[in-house]
Amino acid sequence: MIDKIPKNKQLILFDGVCNLCNSSVLYVIKRDKNEKFLFAPLESDIGNKIIQKFSIDTKETDSILLYNPLKDSLTYKSTAALLIAKELGFPTNILTLFLIVPKAIRNWVYNYIAKNRYKWYGKKESCMIPTPELKAKFID
């Protein structure tokens with residue numbers, strides 16, 4: 001299943017019930033002019049396979065994950081978010097300047113937002129179901 005991800009794409013794994021995460025996915029889709037990204041909920045089969053492959057403890061890493069099949073690598077938290085922003089064009093790609101901030105500081109901010117995301121933005125009862133026109137951007 002993981003080997004079916006095209007090498008010229010990257011897979012964004014996200015919390016499928018989180019309103020902030022779903023809004024962020026729609027933001028990326030709208031700005032992904034070069035179609036670099038595919039998407040899947042963390043809770044999906046492919047999400048679980050990647051989590052297992054990289055031995056991610058989901059209690060410790062409650063985060064967006066960015067899987068690069070070309071490098072067979074996984075990034076998460078603030079680094080993943082900034083690497084995604086890098087591909088979205090101006091002005092979003094300016095956020096990559098934050099990569100100069102030490103990862104510990106970036107992830108502290110990221111973790112604070114992640115910890116409060118349900119309280120601030122709410123959550124859905126089930127994962128987002130993409131519209132027919134967006135379905136091709138999602139992997140089951």
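Look a little higher up for the structure.
Please read all numbers here as calculations on a predicted model, not as lab measurements.

## A short note on the packing of aromatic side chains
Part 1 of the reasoning: On inspection of all chains with the given rule, the structure shows five aromatic pairs.
Part 2 of the reasoning: Ring centres 5.6 Å apart and planes at 35° place the aromatic pair F39 and F138 in the tilted group. In this pair, F39 sits in strand β2 (residues 37–41) while F138 sits in the segment after α4 (103–121), placing the two residues 99 residues apart along the sequence.
Part 3 of the reasoning: Judged by relative accessible area, F39 falls into the buried class, the value being 0%.
Part 4 of the reasoning: What makes F138 buried here is its relative accessible area of 12%.
Part 5 of the reasoning: Judged by centre distance (6.1 Å) and plane angle (10°), the rings of W108 and Y112 are stacked. Taken together, the residues span about one helical turn, with W108 and Y112 both in helix α4 at a distance of four residues.
Part 6 of the reasoning: The exposure class assigned to Y112 is partly exposed, which follows from its relative accessible area of 43%.
Part 7 of the reasoning: Feature note: the residues F14, F39 and F138 constitute an aromatic cluster, connected by ring pairs.
Part 8 of the reasoning: The ring of Y27 carries R31 above its face, with NZ or CZ at 3.6 Å from the centroid.

## So, the pairing of β2
Part 1 of the reasoning: When you tally the buried positions in β2, you get five out of five residues, the bulk of the element.
Part 2 of the reasoning: Relative to β2, strand β1 (residues 10–14) is paired through five bridges, and the arrangement is parallel. Of the residues in β2, the one forming a bridge with I12 is F39.

## Describing unusual backbone geometry
Part 1 of the reasoning: Cis peptide bonds are those with omega within 30 degrees of zero, and the linkage from F90 to P91 qualifies with 5°.
Part 2 of the reasoning: Structurally, P91 can be placed in the loop between α3 (77–86) and α4.
Part 3 of the reasoning: For E35, which is not a glycine, the phi torsion comes out positive at approximately 50°.
Part 4 of the reasoning: Summarising the element assignment, E35 is placed in the loop between α1 (19–31) and β2.
Part 5 of the reasoning: Residue classification places E35 among the partly exposed positions, given a relative accessible area of 46%.
Part 6 of the reasoning: The phi dihedral of D72 falls on the positive side, at around 50°, and the residue is not glycine.
Part 7 of the reasoning: Locating D72 in the fold gives a position in the loop between β3 (65–68) and β4 (73–76).

The rules we used
- Along each chain, the written sequence defines residue order, and numbers are assigned to residues from 1.
- In keeping with the model being predicted, local features are shown solely for residues with a pLDDT of at least 70 and side-chain atom pairs are shown and tallied solely at 80 or more, while totals for entire chains, interfaces and linings include all residues.
- To get the side-chain values, all heavy atoms of the structure are used, and hydrogens and water are removed first.
- In summary, the pairing rule links any two rings of Phe, Tyr or Trp, Trp by its six-membered ring, whose centres are within 6.5 Å, and it sorts them by plane angle into stacked for under 30 degrees, edge-to-face for over 60 and tilted for everything else.
- Each helix is a run of H or I in the DSSP string that is no shorter than four residues. Each strand is a run of E no shorter than two, and both are numbered from the N terminus.
- Classification of residues uses two cut-offs on accessible area relative to the type maximum, computed with a 1.4 Å probe and protein chains only: under 20% is buried, over 50% is exposed, and between them is partly exposed.
- Geometrically, a lysine NZ or arginine CZ counts as sitting over a ring once it is within 6 Å of the ring centre and also within 35 degrees of the ring normal.
- Between any two strands, pairing holds if DSSP finds at least two bridges.

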